[in-house]
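Letter by letter, the chains look like this.
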Amino acid sequence: MSIGNALRGLTAGIAVLGYVSLFLLLQVRAASVSVLAGIAVLATAALAVAGGRPAVRQVLGRGSLSQEDATGWWLARVEPALEDAWNTYADLVLTVGLWGISIGSFGGLVTYPGDEPPFGLAMTGFLSMVCGLISLGFLIDSRYE
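Scoring rules and cut-offs
- Residues numbered from 1 in each chain as written.
- Predicted model: local features only at pLDDT ≥ 70, side-chain atom pairs only at ≥ 80, totals over all residues.
- Heavy atoms only, no water.
- Helix = DSSP H or I, 4+ residues; strand = E, 2+ residues; numbered from the N terminus.
- Rg over C-alpha atoms; globule rule 2.2 N^0.38 Å.
- Buried < 20%, exposed > 50% of the residue type's maximum accessible area, 1.4 Å probe, protein only.
- Contact = heavy atoms within 4.5 Å.
- Areas by Shrake-Rupley, 256 points an atom, 1.4 Å probe, with all protein chains shown as cover.
- Patch = residues over 30% accessible without salt bridge, like charges linked within 9 Å, V, L, I, M, F, W, Y side chains within 5 Å.
- Salt bridge = Lys/Arg side-chain N within 4 Å of Asp/Glu carboxyl O.
- Core = buried A, V, L, I, M, F, W, Y, C linked by side-chain atoms within 4.5 Å.
- Expected span 1.5 Å × (residues − 1).
- Axes fitted to C-alpha atoms, helices over the stretch in contact; angles between N-to-C directions.
- Parallel < 35°, antiparallel > 145°, perpendicular 65-115°, else oblique.
- Left-handed = near helix turned anticlockwise from the far one by under 90°.
- Nonpolar A, V, L, I, M, F, W, Y, C, P; charged D, E, K, R; others polar.
- Bend = angle between axes of the 7 residues up to and from the residue.

J.: Outline the overall build of the protein chain, supporting the account with residue identities and numerical values.
T.: Counting its regular elements, the protein chain contains five helices and zero strands. The secondary structure elements of the protein chain, listed N-terminal to C-terminal, are α-α-α-α-α. On C-alpha atoms alone, the protein chain measures out to a radius of gyration of 16 Å, which is about the 15 Å that the 2.2 N^0.38 rule sets for 145 residues. Expressed as lengths along the three principal axes of its C-alpha atoms, the size of the protein chain is roughly 50 × 35 × 25 Å. Put simply, the protein chain has 145 residues, and 36% of those count as buried. Of the contacts formed within the protein chain by residues at least 6 apart in sequence, a portion of 68% connects residues at least 24 apart. When the accessible surface of the protein chain is split by element, carbon and sulfur atoms take 64% of a total near 8800 Å².

J.: Tell me about the environment of alanine 76, and please be specific about residues and values.
T.: The topology assignment puts alanine 76 in the loop between α2 (33-59) and α3 (78-81). A relative accessible area of 34% means that alanine 76 is categorised as partly exposed.

J.: So what's going on with a nonpolar patch on the surface? Residues and values would help.
T.: On the surface, Ile3, Leu7, Leu10 and Tyr89 cluster together into a nonpolar patch covering about 390 Å² of accessible area. With three residues, helix α1 (residues 3-28) is the largest single contributor of residues to the nonpolar patch. Relative to the helices and strands, leucine 7 resides in helix α1.

J.: Please give an account of the nonpolar core that cites residues and values.
T.: Core analysis: the biggest nonpolar cluster contains 26 residues, and Ala12, Val16, Tyr19, Leu47, Val78 and Leu82 have the highest contact counts within it. For leucine 82, the residues in contact, after removing those within four places along its chain, are Ala12, Ala15, Val16, Leu47, Ala50 and Gly51.

J.: Give a detailed account of helix α5 (residues 119-143), specifying residues and quantitative values.
T.: Over its 25 residues, α5 runs 36 Å from end to end, which matches the ideal 36 Å to within 8%, given 1.5 Å per residue. Listing the buried residues of α5 in full gives Gly120, Ala122, Thr124, Gly125, Ser128, Gly132, Ser135, Leu139 and Ser142. Those residues of α5 hidden inside the fold are in contact with α1 and α4 (88-110).

J.: Got a sec to walk through the packing of α1 against α2? Specific residues and values, please.
T.: In the contact formed by α1 and α2, the axes pass within 8 Å of each other and the chain directions differ by 150°. In terms of orientation, α1 and α2 fall into the roughly antiparallel class. Helix-helix and strand crossings are classified by hand; for α1 and α2 the assignment is left-handed. Packed against α1, whose contacting residues are Arg8, Thr11, Ala12, Ile14, Ala15, Gly18, Tyr19, Ser21, Leu22, Leu25 and Leu26, the element α2 presents Leu36, Ile39, Ala40, Ala43, Thr44, Ala46, Leu47, Val49 and Ala50 at the interface. In terms of residue class, the contact of α1 with α2 is made up of 15 nonpolar, four polar and one charged.

J.: Account for α2, naming residues and giving values.
T.: For α2, built from 27 residues, the straight-helix expectation of 39 Å at 1.5 Å per residue is missed by more than 12%, its first-to-last C-alpha distance being only 21 Å. A bend of about 125° at glycine 51 is the largest found in α2, and the proline proline 54 appears one to four places after it. Restricting attention to buried positions, one finds in α2 the residues Leu36, Ile39, Ala43, Ala46, Leu47, Ala50, Gly52, Ala55, Val56, Gln58 and Val59. Immediately downstream of α2, the backbone of glycine 61 shows phi near 90°, a positive value.

Below is the structure:
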């Protein structure tokens, strides 16, 4: 595998991790607007590096999706946009990143100074842990192809 393919895979993994974490944080309302904006900018920059302008247009809903592939949900458009750049490195970034989010969420629960920690941290921790385990399966599978 060339260095270019490795870099495309790493940035594709960063883009997906960014959009998934953005989705989770929006659902549990666990971050400020500036943090959400920063994640969105980083994920979009990684998307542009990994897939180029066509990938960004596709995620924004302006790309060349067929009628059967078109969906109203923005997160579902990320995977087809990065399909050409996805490789083992992307799986690795996604797996480690999701586990990092999970550990950070559970760490935030343990060290929360108040009496009632935010439920969103627990939900984010469990969701990212389960998604990280699923991603690990894809990582292991891609190593044996």
